[in-house]
Amino acid sequence: MKVGESEFNVNRMLDINSSLFNKDNDLKDNPQFLFSEYKRFFRAERFLESLEFFTKSLGKGFPSAEYEMGYHCYYGSEQLKISKNYIKAFNYFSVAAAQGHADALYYQGLMYLKGIGVAMDINQALLSLSSAANQNENKALDTIGRIYHFGCCDISSDPKKAEGYYKIAVNQDYPPSMFHLALLFENQHRFEEAYELMIQSANKGYMEAINYTISTYK
């Protein structure tokens, strides 16, 4: 091997090693990578490592991480030693919601609706829920449907609007909306449509529909 070729090969190896080193450094600050590692360690039940990666993924403009922390704060996480804290949950959801995260928008709207972790505000609730519903988030569609189905605060019952929201979720195979739309149809004496939806919801394992079917359609 000629001297020039040897120098070329050494320089090439240095370039490759440098590239790998830079890649590793980039990954340490990459929130998507950190979040995926959190998920990987969580599935492996290595919760200390999972929490370490999870914590590092926060505050880096990756809304899925902020949503996930909001979720853990909302329900609590025994594995990650995170206690329920509705104020923190609302704050994390709001960060993710500001970046358009559909699930975070749903929870933000739900918390405004129920006054959990924040002052109750039906207008803000509808604003957040509608933003989630515009992304076809089923829980948001169903919640807005129920707001117009039964009325809430200053919002009067509007069965036509309720039906519209329910139907979008039903078309996406969402069992709770099948159940709620069935109840709406029963109130309108549309019994055949109601029965079909109720059975469909029950067949998908939705417990409220199962219990209702057992007690009503004997």
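Counting restarts for each chain, with residues numbered from 1 along the sequence as it is written. In keeping with the model being predicted, local features are shown solely for residues with a pLDDT of at least 70 and side-chain atom pairs are shown and tallied solely at 80 or more, while totals for entire chains, interfaces and linings include all residues. In computing side-chain properties, one takes all heavy atoms of the structure into account and sets aside hydrogens as well as water.

Looking up the chain in an unreviewed UniProt entry gives the name Sel1 repeat family protein, with the organism given as Neobacillus niacini.

> I keep staring at the pattern of salt bridges and nothing clicks. Help me out?
Pairing of side chains with opposite charge becomes possible as their charged atoms draw close. Whenever a carboxyl oxygen of Asp or Glu lies within 4 Å of a side-chain nitrogen of Lys or Arg, that contact is scored as a salt bridge. Inspection of every chain in the model, using the stated rule, returns eleven salt bridges. Where Lys56 meets Glu52, a salt bridge forms, and the shortest distance between an N and an O atom there is 3.4 Å. On the criterion of helical spacing, the pair formed by Lys56 and Glu52 is a turn pair, its members being four residues apart in helix α3 (residues 47-57). Relative accessibility decides the category of a residue: with a 1.4 Å probe and only protein chains considered, values under 20% of the type maximum give buried, values over 50% give exposed, and everything between is partly exposed. Judged by its relative accessible area of 43%, Glu52 falls in the partly exposed class. A salt bridge links Arg190 to Glu193; its shortest N-O distance comes to 3.0 Å. A residue is classified by how much of its surface remains accessible, and Glu193, at 36% relative accessible area, is partly exposed. Strands here mean DSSP runs of E at least two residues long; helices mean DSSP runs of H or I at least four residues long; both are numbered from the N terminus.

> Please explain the nonpolar core as it appears in this structure.
Within the largest apolar cluster, 57 residues are counted, with the highest numbers of intra-cluster contacts made by Tyr74, Phe93 and Ile147. Once residues lying within four places of it in the same chain are set aside, the contact partners of Ile147 are Leu113, Ile122, Leu126, Leu129, Cys152 and Ile155. Side-chain atoms within 4.5 Å are what join buried Ala, Val, Leu, Ile, Met, Phe, Trp, Tyr and Cys residues into a set we call a nonpolar core. In this analysis, two residues are considered to be in contact whenever any of their non-hydrogen atoms come within 4.5 Å of each other.

> For this particular structure, what's the right way to read helix α8 (residues 138-150)?
Owing to its 3.6 residues per turn, the α-helix brings residues three or four apart onto one side. Each helix should span, by expectation, one fewer than its residue count multiplied by 1.5 Å. Taking 1.5 Å per residue, 13 residues should reach 18 Å; α8 reaches 18 Å between its end C-alpha atoms and fits that length. Across the 13 residues of α8, ten count as buried, placing the element largely inside the fold. Listed as buried for α8 are Asn138, Ala140, Leu141, Asp142, Thr143, Ile144, Gly145, Ile147, Tyr148 and His149. Buried residues along α8 sit in contact with α6 (102-114), α7 (122-133), α9 (159-171) and α10 (175-187). Looking at the residues trailing α8, positive phi occurs at Gly151, about 80 degrees.

> Help me understand helix α11 (residues 191-203) in this model?
Here α11 is 13 residues long and its end C-alpha atoms lie 18 Å apart, about the 18 Å a rise of 1.5 Å per residue gives. Inspection of α11 places Ala194, Leu197, Met198, Ser201 and Ala202 among the buried residues, and these make up the whole buried set. The buried residues of α11 occupy an angular sector of 135 degrees when projected down its axis, which confines them to one face. Turned more than 90 degrees away from the buried face of α11 sit Glu192, Glu196 and Asn203, all of them exposed. Taken together, the buried residues of α11 touch α9, α10 and α12 (207-216). Following α11 by one or two positions, Gly205 adopts a phi angle in the positive range, close to 90 degrees. Starting at the helix axis, one direction is taken to each C-beta atom, and the arc is that of these directions.

> Hey, could you run me through the packing of α6 against α8 in this one?
Any two packed helices are characterised by how steeply their axes cross, that is the angle between the axes, and by the distance between the axes. Geometry is summarised by axes, namely lines fitted to C-alpha atoms with helices restricted to the contacting stretch, and by angles between N-to-C directions that run from 0 to 180 degrees. Interaxial distance between α6 and α8 falls to 9 Å at its minimum, and their mutual angle equals 30 degrees. The orientation of α6 relative to α8 falls into the category roughly parallel. Between α6 and α8 lies a crossing of left-handed hand. Residue-level contacts link Asp103, Tyr106 and Leu113 of α6 to Lys139, Ala140, Thr143 and Ile147 of α8. Under the grouping applied here, Gly and all other residues not named as nonpolar or charged are polar, the nonpolar ones being Ala, Val, Leu, Ile, Met, Phe, Trp, Tyr, Cys and Pro and the charged ones Asp, Glu, Lys and Arg. Considering only residue class, the contact of α6 with α8 consists of four nonpolar, one polar and two charged. Angles below 35 degrees are treated as roughly parallel, those above 145 as roughly antiparallel, those between 65 and 115 as roughly perpendicular, and all remaining angles as oblique. The hand of a helix crossing depends on one turn: near helix anticlockwise from the far one by less than a right angle means left-handed, and clockwise means right-handed.

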